[in-house]
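Examining the three-dimensional arrangement
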Amino acid sequence: MLDLELLRSFVSVVDSGGFTRAGERVHRTQSTVSQQIKRLEEDVGQVLLHRDGKDVRPTEAGERLLSYARRLLSLAEEARDVLSQPDGEGAIRLGIPEDFAAYRLAKLLGAFSRSHPGLRLDVRADQSKNLSRDLDRGELDLALFKREAGAKGAIAVWPEQVHWVTSKSHPIHADVASVPLIGFPLGCLYRAGAIHALESAGRIWHMSYTSSSLAGIQAAVAAGMGLSILSEMAIQSDHRVLTAKDGFAPINRTEMALMAAPGASPATLRLADRLAEFCDDVQAKAA
């Protein structure tokens, strides 16, 4: 019989492309994951991974095993959920930033819900400061939120690509007397970063448009009502990215953090794994 823990580590190594990131996903050290892969290769009598320095990719045998491994792990998760929630009760309270809610993440969450019919998924899109606060209060089980780079205490983190943006058709130039800003309400990390960058440069600014809706902010930027700071995935074709050459210095670095509440359920941690895979994929495509 194949060991599910070994299969889980194998899938994590393939998906993440290396032993270090895989260890973070399965909460093991790099050496432990390497030993698990060696045991799995001994069990099946095949070399499953090509190891070329830091680059790791599946062999032909590894490719064949991969699809079976995913199916076995999925069935095991489904069995655990059915047995742990015999009456179909239970919920996962998830908090995510709105620019992720408006992106492909909705498809992932829909698929997770369908594969876990005994669980209720309660998703809330909100400002990152509110998500972090509510996770600390015990009002969320899992949260994906933005924060200043370098903070501690997360399942995983991803550096964010954020940019100053203006309208492509009706751009705002650096020589304006007062820079019109577009952003989320007070407390937004991007808003605070924009104001700090302008004031550090001695620039005068004013809020020209405030909205709790990402779509509203994107539309206001496209219409030429002012400048904003947006994550790379939220920038649209009718926006133009501004750089230091345009007179707008970079803002402080930010990151996406994935955190779970203490004592999170196995189902919550499995959803965390799915979110981590999703964010890894987004990061890889942005690189």
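As a reminder, the structure under discussion sits directly above these lines.
Everything in this summary refers to the structure shown in the same document. (Residues numbered from 1 in each chain as written. Predicted model: local features only at pLDDT ≥ 70, side-chain atom pairs only at ≥ 80, totals over all residues. Heavy atoms only, no water.)

**Some details on the nonpolar core**
Membership of the largest hydrophobic core comes to 25 residues, with the highest contact counts inside it found for Trp 164, Leu 181, Leu 227, Ile 229 and Phe 248. At the level of secondary structure, the elements contributing two or more residues to this core comprise strand E7 (162-167), strand E8 (179-183), helix H8 (189-200), helix H9 (214-222) and strand E10 (228-231). Among the elements that line this core, the one with the most residues is H8, at five residues. Core analysis: the second largest hydrophobic core is formed by 23 residues, Phe 100, Phe 112, Leu 258 and Leu 271 among them. (Core = buried A, V, L, I, M, F, W, Y, C linked by side-chain atoms within 4.5 Å. Buried < 20%, exposed > 50% of the residue type's maximum accessible area, 1.4 Å probe, protein only. Helix = DSSP H or I, 4+ residues; strand = E, 2+ residues; numbered from the N terminus.)

**What to know about the packing of aromatic side chains**
Within the structure shown, the criterion is met by one aromatic pair. Seen from their ring centres, Trp 164 and Phe 248 are 5.4 Å apart, and the 45 degrees between their planes marks the pair as tilted. Separated by 84 residues along the polypeptide, Trp 164 in strand E7 and Phe 248 in the loop between strand E11 (239-242) and strand E12 (254-260) bring together distant segments of the chain. Summarising the burial analysis for this pair, Trp 164 and Phe 248 share the class buried. (Phe/Tyr/Trp six-rings, centres within 6.5 Å; stacked < 30°, edge-to-face > 60°.)

**Side note on H8**
Structural remark: α-helix, 3.6 residues per turn; residues separated by three or four positions point the same way. For H8, spanning 12 residues, the distance from its first C-alpha to its last is 16 Å, which sits close to the expected 16 Å at 1.5 Å a residue. The complete set of buried residues in H8 reads Tyr 190, Arg 191, Gly 193, Ala 194, Ile 195, Ala 197 and Leu 198. Positive phi appears at Gly 202, one or two residues downstream of H8, with a value of about 75 degrees. (Expected span 1.5 Å × (residues − 1).)

**What about the sheet that holds strand E3 (residues 91-96)?**
Reading across from one edge, E4-E3-E5-E12-E6 is the order of the five strands in this open sheet, with mixed pairing throughout. Taken across any chain shown, the strands that pair with only one partner, and hence form the sheet edges, are strand E4 (120-125) and strand E6 (156-159). Each strand axis lies, on average, 20 degrees off the axis of its neighbour in the sheet, ignoring direction. Summarising the sheet, E6 and E12 pair through four bridges and their orientation is antiparallel. Paired with Ala 156 across the strands is Leu 258, a residue of E12. (Pairing = 2+ DSSP bridges. Axes fitted to C-alpha atoms, helices over the stretch in contact; angles between N-to-C directions.)

**Description of the side chain of Asp 280**
Looking at the secondary structure, you find Asp 280 in helix H10 (residues 266-286). Side chain to side chain, Asp 280 and Trp 158 meet in a polar contact 2.8 Å long. Filtering out sequence-adjacent residues up to four positions away, Asp 280 remains in contact with Arg 21, Arg 25 and Trp 158. (Polar contact = N/O pair within 3.5 Å; in protein donor to acceptor, adjacent residues only side chain to side chain. Contact = heavy atoms within 4.5 Å.)

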